[in-house]
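Coordinate inspection notes
Listed below, chain by chain, are the residues.
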Amino acid sequence: MTPSPTPPTSQPSQPSPARHCCEQMTAVLDRPCGRHDDPLDCPDALIHFSPKFQEYGIVIHDGGASVSVIDYCPWCGHRLPESQRDRWFEELERRGIDPWEDDVPPEFEDDRWLAEPGARG
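Attention here is on the structure that accompanies the text. Computed from a predicted structure; not experimentally measured.

1. Remarks on the overall build of the protein chain
Along its length, the protein chain carries 2 helices and 3 strands. Beginning at the N terminus, the succession of helices and strands in the protein chain can be written as α-β-β-β-α. Scored against the burial criterion, the 121 residues of the protein chain give a buried share of 25%. Within the protein chain, residue pairs in contact and separated by at least 24 positions form 42% of the contacts whose partners lie at least 6 positions apart. Counting only carbon and sulfur atoms, one obtains 50% of the accessible surface of the protein chain, whose full area is about 9,000 Å².

Written out as structure tokens, the structure is:
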């Protein structure tokens, strides 16, 4: 009996997947602005992504930091992830943290809190 060939141990390198639903969304969100540190201040910013809330929104250029949350990608039509805003506040409350009065732990300023074993899902 002839042994079957051994499969290769390494796969050819694949392009890294888009961090968002499509290449266009990723390109828009990753577009740097040389004049504004905060993307919400840039008049060319169309879409904003909040990692801590997992929310996408259309930037409202009214001089503030307003965003209108969207449920679908304007380019590919893909349904975007469900907002985690309520869960964020619930998790802080469960830990006895008032985000308006207390220091919020650094892992709650981005999406790291979603990966914590204690975070309820």
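2. Quick notes on the nonpolar core
Across soluble globular proteins, nonpolar side chains have a tendency to be buried as a group. Cys22, Met25, Val28, Ile47, Phe49, Tyr56, Ile70, Cys73 and Leu80 together form the largest nonpolar core, which totals 9 residues. Only helix H1 (23-30) and strand E1 (47-50) provide two or more residues apiece to this core. Residues within four places of Val28 in sequence aside, it is in contact with Ile47 and Trp75. Phe53, Leu92, Ile97 and Trp113 belong to the second-largest nonpolar core, a separate cluster that totals 6 residues.

3. A look at the sheet that holds strand E3 (residues 66-70)
Read from one edge of the open sheet, 3 strands run E1-E2-E3, paired in antiparallel fashion. Two strands close off the open sheet at either side, each with one partner strand: E1 and E3. Taking each pair of neighbouring strands and ignoring which way they run, the sheet shows an average axis angle of 40°. In terms of strand pairing, E1 meets strand E2 (residues 55-60) through 4 bridges, oriented antiparallel. Across the sheet, Ser50 pairs through a bridge with Glu55, a residue of E2. Against the sheet, H1 touches E1 and E2, its axis set at about 90° to E1.

4. Comments concerning the pairing of E3
Judged from the 5 bridges that link them, E2 and E3 form a sheet pairing that is antiparallel. Within E3, the residue paired with Ile58 across the bridge is Ser68. Two successive antiparallel strands, E2 and E3, enclose a turn made up of 5 residues, where Gly63 displays a positive phi of approximately 95°.

5. Points about the pattern of salt bridges
Counting across every chain of the model gives 6 salt bridges. Here Glu109 makes a salt bridge to Lys52, at a shortest N to O gap of 3.8 Å. With Glu109 in the segment after helix H2 (85-94) and Lys52 in the loop between E1 and E2, this residue pair connects regions lying 57 residues apart in the sequence. Residue classification places Glu109 among the partly exposed residues on the basis of a relative accessible area of 45%. Linking Glu55 and Arg85 is a salt bridge whose minimum nitrogen-to-oxygen distance equals 2.5 Å. One end of the pair, Glu55, is in strand E2; the other, Arg85, is in helix H2, with 30 residues separating them in the sequence. By relative accessible area, which is 9% here, Glu55 ends up buried. Here the salt bridges share partners, and the residues they tie into one network are Glu91, Arg94 and Arg95.

Cut-off values and rules
- The residue numbers shown here count from 1 along each chain, following its written sequence.
- Residues qualify for local features only when their pLDDT is at least 70, as the model is predicted, and side-chain atom pairs are given and counted only at 80 or more; totals for whole chains, interfaces and linings, by contrast, use all residues.
- Values shown for side chains rest on all heavy atoms present in the structure; no hydrogens or waters enter the calculation.
- Here a strand is any run of E in DSSP of at least two residues, a helix any run of H or I of at least four, and the numbering for each starts at the N terminus.
- Think of it in three bands: with a 1.4 Å probe and only protein chains considered, a residue is buried below 20% of the maximum accessible area for its type, exposed above 50%, and partly exposed in between.
- Should any heavy atoms of two residues lie within 4.5 Å, those residues are counted as being in contact.
- Throughout, the Shrake-Rupley method with a 1.4 Å probe supplies accessible areas, and for residues the shown protein chains are the sole cover considered.
- By nonpolar core is meant a set of buried Ala, Val, Leu, Ile, Met, Phe, Trp, Tyr and Cys residues that side-chain atoms within 4.5 Å join together.
- Two strands form a pair only when DSSP identifies at least two bridges running between them.
- Axes here refer to lines fitted to C-alpha atoms; in helices the fit is confined to the stretch in contact. Angles between the N-to-C directions go from 0 to 180 degrees.
- Within this document, salt bridges are pairs made up of a side-chain nitrogen of Lys or Arg and a carboxyl oxygen of Asp or Glu, the two lying within 4 Å of each other.

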